[in-house]
Every structure is written in C-alpha cells, then in structure tokens.
Amino acid sequence: MSAHPQHPAHIIRSDAEAIEVATRLAARFAVDASVRDRERRLPVAELDEFSASGLWGITIPKAYGGAEVSYVTVAEVIKLIAAADPSLGQIPQNHLGVVDILLQTGSEEQKRHYFGKVLAGYRFGNAFSEAKSKNAGTFDTQIRVHADHAQINGEKFYCTGALFAHIVPAVGTNEQGNAFIALVERDAPGLTVIDSWDGFGQRTTASGGVTLDGVKVPLSAVIPAHLAFDQPTADGPISQIIQAAIDTGIAVGALEQAKIFARQARPWIDSQQDHGWQDPFTIAAIGDLEWRVHGTEAILAKAGKAVDQALAEPNEDTVANASLIVAQAKVLSAETALLASSKLFELGGTRSVTGKHNLDRFWRNARTHTLHDPARWKYHLIGNFVLNGVKPARHAWN
Amino acid sequence: MNALTQPTALDQARQLLESTRRVVQKSDDPYVISRFGDWQIRVEVAAALLEYAQTHATPVAFTEAQIAAAEALLFASAAEFELTGQRTALAPTLEDPLRWKYQIVGNYHLNGVAPGSAV
C-alpha cells in the first residue's frame, strides 16, 4: 500500500449529494459482498472507489473546503454502505474519528494540511487499540516527544483500516500518561501492518495488527488527542454513532433478506395456506422486526442531531446529551442486528441455511461488530443519568 | 378502552417511569440502574416512532409507533412491580388487541397489503 491515493477524490458539496453517492455505491458494493466474505477477499478496489467518491471527506468543515454535513447524514451514509457490506461500512470508522480529533485538537496548520489531504482522497487507518493493555482505555505504547521529532514504540491490535490506509494514526502516551496521536505515513520505516484478522465476522475489514518499532514522525504530525476528552467535545459520541450506524445497517440488510426468503418459504403444513408468506406467525414476526428496525433508525437520526448540537455548542450538557442518545442507538442497533440476523433463518426455513446463500454472514457480522464495546454498559450509562443524574464518562466509547 | 393500544400508552409508560424513579430515588445497584436505562430506551424509541409517524404518513407508521408504545407500557408495568412491589392498574379491556398490530405491519412490509384492504 502506498502512502498516496492513486486518483484524486471527488468533492461532495451537500448532504443530499452524500446520500445520493452512498446509495449508488451501496448498490454496487452489495453485488459481491457475499463472495468477498466467503473468500475473505479484501475490498481493495472497492475502497479506492469508496474514498474516491468523496464520502470520506464529508465531515470536513466548510471553512476547509468540505461539505460539513450533518451527523444525521454521516450515520445514514454509513448505514447504507453497511447494509450492503458491513466490512466496508466499518473501514472508515476510525478515519472519521481521526478527522474529528484533528478538528478538536489539531493546530490551524495541521487542520489545513490534513483536511486538504482527506479531501484529496487520503485515507486514515488506525493503530489505537491494544490487545494486551489493562483495558480499552489504557495504552502500553509510548510516544516520546523530542526537540524536532517524536518517536513511537508499541504493538497494536484491532487496527481496522490500517492495511488500506495512506496514513496510520497511532496513539501512545507520554511520560505524564497523556495520549498523543502520531500521524504515520503508511510507508514509514518501523511501521508494520499485519493482516492477521481471522475473526468469523467482519472478515474483510483486515482489522489486524500494527507494530511500531522506533517510528519517527515530525512534530507537525503529532496531535494532543487527550484534549478531546479533557474538555467536553463531541468526539466520543461521534465515534459511537458510527458504530451504531454500522449495526443499524446490518439490521436493515438482514431484514431485507428475511423478507426475500420468507416470501420463498414453503407453507407450513399446519397453516393450511398455499404460500409461506400467508403464514400468520411469519407475518407477525416480520411486523415485529419492522418496527424495531424503524425505531432504531429513528433513534439513530435523533442521535445525529444531538451530535450536531454537541459539535456546534460543546459543553458538559450537550456532550452528555449526545452520549445518552447515541447510547440508545447503540443498544437498539445491537439488539436489532442480532435479532434480525437470527430471525432471518427462522422465517426462511432450513433452505435458508444452505451454504450457497451465505446468509450467516449477517449474524456473524452483527455478533462480531457489536462486540466493539459492550451494550450492557450502555443500559447502565442511560440509567445512571435517569436515576442518579450522573452524566456519562467522557471517552472514545461513550 | 385497551390500555396498551390507546393513544396515551406512551404517556402512561413515562408516568410510571417517573413515579417509580421517585420511589427508588437513588441507587448504586448496577442491575437497578440498568433497568432504568432499558426502560428509558423503550420510552424514547416509542416517542421517536410517534414523531416519525406524525411527519411521514406511511400506511403503517402510526401502527408501528403504537406497538412501540404498547411494549414500553408492558415493560413499565412489569418494571414498576419489580422495583416498587406495587402495580398501577391499567384500563382493563381487550378491545383493539396489540397482537394484531404486528400482523398489520408485517402484512404491509412482507406482502404489500395496506391496512384495511381485502387480502
């Protein structure tokens, strides 16, 4: 992978254009999604098409030449792509997060430089999470800032997008324990991306490992990421709404297949009907899935509005409100994606589990992606505010 | 009047949440806390679907909002009893049953049959 895009990206100018482009791309990505999953064929050409479409630059502020779309639109775009291929929906999640961290904590010069690159089609990957540190919020990776450069050493995992990125943002902590991000060129000496992701779902995200062995970057490539959480900013809710949008997309995709296969199912002997789609229990089960999926979509849109408000007016209250509504979207999308991708087989019958359909990819993807951070703590986050008036903790998972 | 499918089902689910919250007051118990979180989600999703139905007149959008409100109220009634040991009485008839709302929504989305039309 080179450190530069092969073709310059189109620049999207409005929310409506973003939805239109995403709808068109999703239809193309849907065609081979099952084959890519089955063969674990990494979506190299699709990603080039995806970022060249301009969709990876839609959150760049107008002042820097972007469309600065609403997060209602961002969530809708990710949902549309994820409904077609949730691996492709997931790959930009950290890219979009990094764009916001740059907005929150980058210098004016850094914003101009990197936002210009994103609009030109550069993709950020990520080397954030670690499999061996104490918990998701702690890092063993060290960054040391010297007079004219910074150096970073460590071992990362779950590095979605790194394999296909032009720039790999890597997080490490300094001597004081504050987190900084180094924006490392993909071909920098000492940076190794390992295609080791073998999870049973989200198979073509290439969410493998990254090692950073004395990687040097100029100081202009270092941002004080910890500031995004020391003060109230929309960064946590932005990271989370993208997760919820991916799972909402999986639910939408699974429900579509559930209806196709329920229509084709044979009538059950006791139903005394001529066709499977006349089965009163099948009809009611589809009704149940429909309202749940639509409810999830409605909450996702509300979460997008709350994120917009937190971005426009960042303070303790707007950021807490965004975290709370995004948490609702996270719970509902996880529940609905898992439910729809399991009910799909119940309503399609035994023929729907045959290998040629590869319909298990919906459940495998839902089960895998919803593990990003546990929904069980989102019920707690919301309840703690309702009952005890406690605002959500500020970090990248709220 | 069926408490689950009347237009005020959502308001009632909210009122039970509020009255139960006043009884419980504060808690450190993670299971009690998350029960309130779950409850709030059921209320919010019903409210979101009602708002959607008021602005997007699809043939079954209101029915979907009714189901969400009914499920929120069923959750509320069970959670109230669980957390306070008491249960507020709800309007006790079986007219306009909830179970047929799922059929109406499903028949529209699966089979393209609009509510009220002959099958």
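Fair warning: this is a prediction, and the values are worked out from it, not measured in the lab.

So, on to the overall build of chain B. Scanning chain B for helices and strands turns up four helices and zero strands. For chain B, the succession of helices and strands along the chain, N to C, is α-α-α-α. Its C-alpha atoms put chain B at 50 × 30 × 20 Å along the principal axes. The buried share among the 119 residues of chain B stands at 45%.

Relative orientation of the contacting elements helix 13 (residues 376-388) of chain A and helix 2 (residues 30-55) of chain B amounts to 90°, with a least axis distance of 6 Å. Compared by their axis directions, helix 13 of chain A and helix 2 of chain B come out roughly perpendicular. Note on element contacts: helix 2 of chain B touches helix 13 of chain A through B:Pro30, B:Ile33, B:Ser34, B:Arg35, B:Phe36, B:Gly37, B:Asp38, B:Gln40 and B:Ile41, opposite A:Tyr379, A:His380, A:Leu381, A:Ile382, A:Gly383, A:Asn384, A:Val386 and A:Leu387. Of the residues in the contact of helix 13 of chain A with helix 2 of chain B, the class split is nine nonpolar, six polar and two charged.

Attention now goes to the pairing of strand 6 (residues 209-218) of chain A. Residue and element names in this part refer to chain A. Relative to strand 6, strand 2 (residues 149-156) is paired through seven bridges, and the arrangement is antiparallel. What sits directly across from Ile152, in strand 6, is Val215. Relative to strand 6, strand 5 (residues 191-194) runs antiparallel, the two sharing four bridges. When the bridges of strand 6 are listed, Thr192 appears paired with Thr211.

The next subject is the domain arrangement of chain A. Residues and elements named next belong to chain A. When its domains are assigned, chain A resolves into domain 1 (15-119), domain 2 (142-225) and domain 3 (231-388). On a C-alpha basis, the centres of domain 2 and domain 3 stand 32 Å from each other. Of the residues in the side of domain 2 that touches domain 3, the class split is one nonpolar, three polar and no charged.

Another aspect to go through is the environment of A:Trp56. Residue and element names in this part refer to chain A. Turning to its location among the elements, Trp56 is positioned in the loop between helix 3 (44-52) and helix 4 (71-84). The exposure class of Trp56 is buried, given the 25 C-beta atoms found within 10 Å. Through-space distance from the C-alpha of Trp56 to that of Ala120 is 9.8 Å; in sequence the pair is 64 residues apart.

What follows is about helix 4 (residues 99-111) of chain B. A rise of 1.5 Å per residue sets the reference length of helix 4 of chain B, with its 13 residues, at 18 Å; its end C-alpha atoms lie 18 Å apart and thus fit the reference within 8%. Residues of helix 4 of chain B that are buried include every one of B:Lys101, B:Tyr102, B:Ile104, B:Val105, B:Gly106, B:Asn107, B:Tyr108, B:His109 and B:Leu110, and no others. Close packing links the buried residues of helix 4 of chain B with helix 9 (235-264) and helix 10 (280-312) of chain A together with helix 3 (61-84) of chain B. Immediately beyond the C-terminal end of helix 4 of chain B, within one or two residues, lies B:Gly112, with a positive phi of roughly 70°.

Another aspect to go through is the environment of A:Ser352. Residues and elements named next belong to chain A. Mapped onto the elements, Ser352 comes out in the loop between helix 11 (316-348) and helix 12 (360-369). When the 20 C-beta atoms within 10 Å are taken as the criterion, Ser352 is described as buried. When the C-alpha atoms of Ser352 and Asp247 are compared, they prove to be 22 Å apart, with 105 residues separating the residues in sequence. Those residues within four positions of Ser352 in sequence are excluded, and the remaining contacts are Phe261, Leu344, Phe345, His357 and Leu359.

What follows concerns the interface of chain B and chain A. Tallying the contact residues gives 30 residues for chain B and 30 residues for chain A. Elements supplying a minimum of two residues to the side of chain B that touches chain A: helix 1 (9-24), helix 2, helix 3 and helix 4 of chain B. The element best represented in the side of chain B that touches chain A is helix 2 of chain B, accounting for 14 residues. Of the residues that constitute the side of chain B that touches chain A, the class distribution is 15 nonpolar, nine polar and six charged.

Residues and elements named next belong to chain A. For the pair helix 6 (residues 93-105) and helix 7 (residues 108-119), interaxial distance at closest approach is 9 Å and the crossing angle is 160°. The angle between the axes of helix 6 and helix 7 places the two elements in the roughly antiparallel class. Between helix 6 and helix 7 the crossing geometry is left-handed. Counted together, Val99, Leu102 and Leu103 of helix 6 and Gln110, Lys111, Tyr114 and Val118 of helix 7 form the full contact between these two elements. By residue class, the composition of the contact of helix 6 with helix 7 is five nonpolar, one polar and one charged.

Unusually for a residue other than glycine, A:Asn358 sits at a positive phi of about 50°. Take A:Asn358: it is sitting in the loop between helix 11 and helix 12.

Glancing now at the environment of A:His275. Within the fold, A:His275 resides in the loop between helix 9 and helix 10. Between the C-alpha atom of A:His275 and that of A:Glu49, which follows or precedes it by 226 residues, the distance is 42 Å.

As a further point, take the nonpolar core. All names here are of chain A. Counting residues in each nonpolar core, the largest one holds 164 residues, and the members touching the most others are Ile81, Ile241, Ala303 and Val307. Of the residues forming this core, the biggest block, 17 residues, is contributed by helix 11. If near-sequence neighbours (up to four positions away) are discounted, Ile241 is found in contact with Tyr71, Ala75, Ala303, Gly304, Val307, Val326 and Ala329.

Note that predicted coordinates carrying low pLDDT should not be read in detail. On average, residues of chain B score 94 in pLDDT, and 97% of them reach the 70 mark or higher. Note on the complex model: pTM 0.97, ipTM 0.97.

Basis of the calculations
Residues numbered from 1 in each chain as written. Chains lettered and ligands numbered in written order. Predicted model: local features only at pLDDT ≥ 70, side-chain atom pairs only at ≥ 80, totals over all residues. Helix = DSSP H or I, 4+ residues; strand = E, 2+ residues; numbered from the N terminus. Buried ≥ 20, exposed ≤ 12 C-beta atoms within 10 Å, placed from the backbone. Axes fitted to C-alpha atoms, helices over the stretch in contact; angles between N-to-C directions. Parallel < 35°, antiparallel > 145°, perpendicular 65-115°, else oblique. Contact = placed C-beta atoms within 7 Å. Nonpolar A, V, L, I, M, F, W, Y, C, P; charged D, E, K, R; others polar. Pairing = 2+ DSSP bridges. Domains from an automatic or database assignment. Expected span 1.5 Å × (residues − 1). Left-handed = near helix turned anticlockwise from the far one by under 90°. Core = buried A, V, L, I, M, F, W, Y, C linked by C-beta atoms within 7 Å. pLDDT = per-residue confidence, 0-100.

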